[in-house]
Amino acid sequence: MAVRACGLIIYRRLQSAPPSKVTDNIEYLLLQTSYGTHHWTPPKGHVDPGEDDLQTALRETQEEAGLQATQLTLIEGYKKELHYPVNGKPKTVVYWLAEMKDYNTEIKLSEEHQAFQWLKLEDACKFAEYEDMQATLKDVHQFLCSRK
Ligand SMILES: Nc1nc2c(ncn2[C@@H]2O[C@H](COP(=O)(O)OP(=O)(O)OP(=O)(O)OP(=O)(O)OC[C@H]3O[C@@H](n4cnc5c(=O)[nH]c(N)nc54)[C@H](O)[C@@H]3O)[C@@H](O)[C@H]2O)c(=O)[nH]1
């Protein structure tokens, strides 16, 4: 059976941007692991026994970024599953999408991560080096831009 993890693609919008630049004011949160290859991903982690997927996504976000569910708006209608092998075993990662309620909310990392960045789409795709994550970020961006 595939290893299962869940997380949140979190973004924030700079509210002072003029309406014409509305698609340019979105920044995505990526965290860099303090272990392994120091790769960058949104907050996510393994599903614990007895948890449902969304509970896992919210718990991992709280643990890894210090963000409470009350500080986020979960965006209805967006959910994405990634499938990739880790150490020869299949892994499924389910991501929801969430917006920061307050642009300035502080990110508090755990020991699992050594850095975080708020990144525009193009830079987020550079940091998230995996093609499937890059495609997901582009898909999210299109979804958000089409909602306005
Ligand atoms: N010391 C040490 N300890 C580790 C290591 N490894 C884990 N720990 C421990 O595990 C705990 C983490 O537990 P959770 O937080 O619950 O789980 P996750 O969040 O799921 O965390 P992971 O890091 O296990 O899982 P991934 O991010 O999925 O990375 C696995 C591999 O998949 C690739 N990869 C990543 N993302 C993508 C993508 O989007 N697309 C594609 N295509 N590929 C992608 C990439 O090649 C990567 O190397 C830590 O506390 C450590 O104790 C390690 O190497 N050394």
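These notes cover the structure that comes with them. This one's a predicted model, so the numbers in the text were calculated from it and none came from an experiment.

### Some points on the overall build of the chain
Each helix and strand counted, the chain has three helices and seven strands in total. By the compact-globule yardstick of 15 Å for 148 residues, the chain fits well, its C-alpha radius of gyration being 15 Å. Its C-alpha atoms put the chain at 45 × 30 × 30 Å along the principal axes. Counting over 148 residues, the chain shows a buried share of 45%. Contacts in the chain between residues far apart in sequence, at least 24 positions, make up 69% of those at least 6 positions apart. Surface summary for the chain: the accessible area is close to 8200 Å², and the carbon and sulfur share equals 49%. Averaging the coordinates of the 17 positive side-chain charges in the chain and doing the same for the 22 negative ones gives two points 5 Å apart.

### Some points on the pattern of salt bridges
All chains considered together, the criterion is met by ten salt bridges. Between Glu51 and Arg59 there is a salt bridge, with its nearest N and O atoms 2.4 Å apart. In this structure, Asp123 and Lys126 form a salt bridge, with 3.9 Å as the shortest nitrogen-oxygen distance. Of this pair, Asp123 and Lys126 both sit in helix α2 (residues 121-127), three residues apart, which is roughly one turn of that helix. Lys126 sits in the exposed class, given a relative accessible area of 57%. Each of the salt bridges in this network shares a partner with another, and the network as a whole consists of Asp48, Glu51, Arg59, Glu60 and Glu63.

### Here we look at the environment of Gly77
As for its position among the elements, Gly77 is in strand β5 (residues 72-86). Exposure remark for Gly77: the relative accessible area of 72% places this residue in the exposed category.

### Some thoughts on the packing of aromatic side chains
Counted by the stated rule, this structure contains three aromatic pairs. Here the aromatic rings of Trp40 and Phe127 are separated by 4.8 Å at their centres, their planes lie at 90 degrees, and the arrangement is edge-to-face. Linking Trp40 in strand β3 (residues 40-41) with Phe127 in helix α2, this pair joins segments that are 87 residues apart in sequence. By relative accessible area, which is 27% here, Phe127 ends up partly exposed. Sitting above the plane of the Tyr103 ring, Arg12 keeps its charged end 3.9 Å from the centroid.

### Observations regarding the site of the ligand
The environment of the ligand is made up of 17 residues, and the closest members are Tyr35, Lys44, Tyr84, Lys91 and Asp132. Within the side chain of Tyr130, a nitrogen or oxygen atom sits 3.4 Å from an oxygen atom of the ligand. Residue Asp132 places a side-chain N or O atom 2.8 Å away from a nitrogen atom belonging to the ligand. Its free accessible area being 960 Å², the ligand has 65% of it covered by the protein chains. Sorting the residues of the shell around the ligand by element identifies β4 (44-46), α1 (53-65), β5 and α3 (131-147) as the ones contributing at least two each. Here the residues of the shell around the ligand are counted per class, giving six nonpolar, five polar and six charged.

Rules used throughout
- Residues numbered from 1 in each chain as written.
- Predicted model: local features only at pLDDT ≥ 70, side-chain atom pairs only at ≥ 80, totals over all residues.
- Heavy atoms only, no water.
- Helix = DSSP H or I, 4+ residues; strand = E, 2+ residues; numbered from the N terminus.
- Rg over C-alpha atoms; globule rule 2.2 N^0.38 Å.
- Buried < 20%, exposed > 50% of the residue type's maximum accessible area, 1.4 Å probe, protein only.
- Contact = heavy atoms within 4.5 Å.
- Areas by Shrake-Rupley, 256 points an atom, 1.4 Å probe, with all protein chains shown as cover.
- Lys, Arg positive; Asp, Glu negative; His and termini not counted.
- Charge placed at Lys NZ, Arg CZ, Asp CG, Glu CD.
- Salt bridge = Lys/Arg side-chain N within 4 Å of Asp/Glu carboxyl O.
- Phe/Tyr/Trp six-rings, centres within 6.5 Å; stacked < 30°, edge-to-face > 60°.
- Lys NZ or Arg CZ within 6 Å of the ring centre and 35° of its normal.
- Near = heavy atom within 4 Å.
- Polar contact = N/O pair within 3.5 Å; in protein donor to acceptor, adjacent residues only side chain to side chain.
- Nonpolar A, V, L, I, M, F, W, Y, C, P; charged D, E, K, R; others polar.

Everything listed here is a matter of geometry and, on its own, says nothing about what the molecule does.
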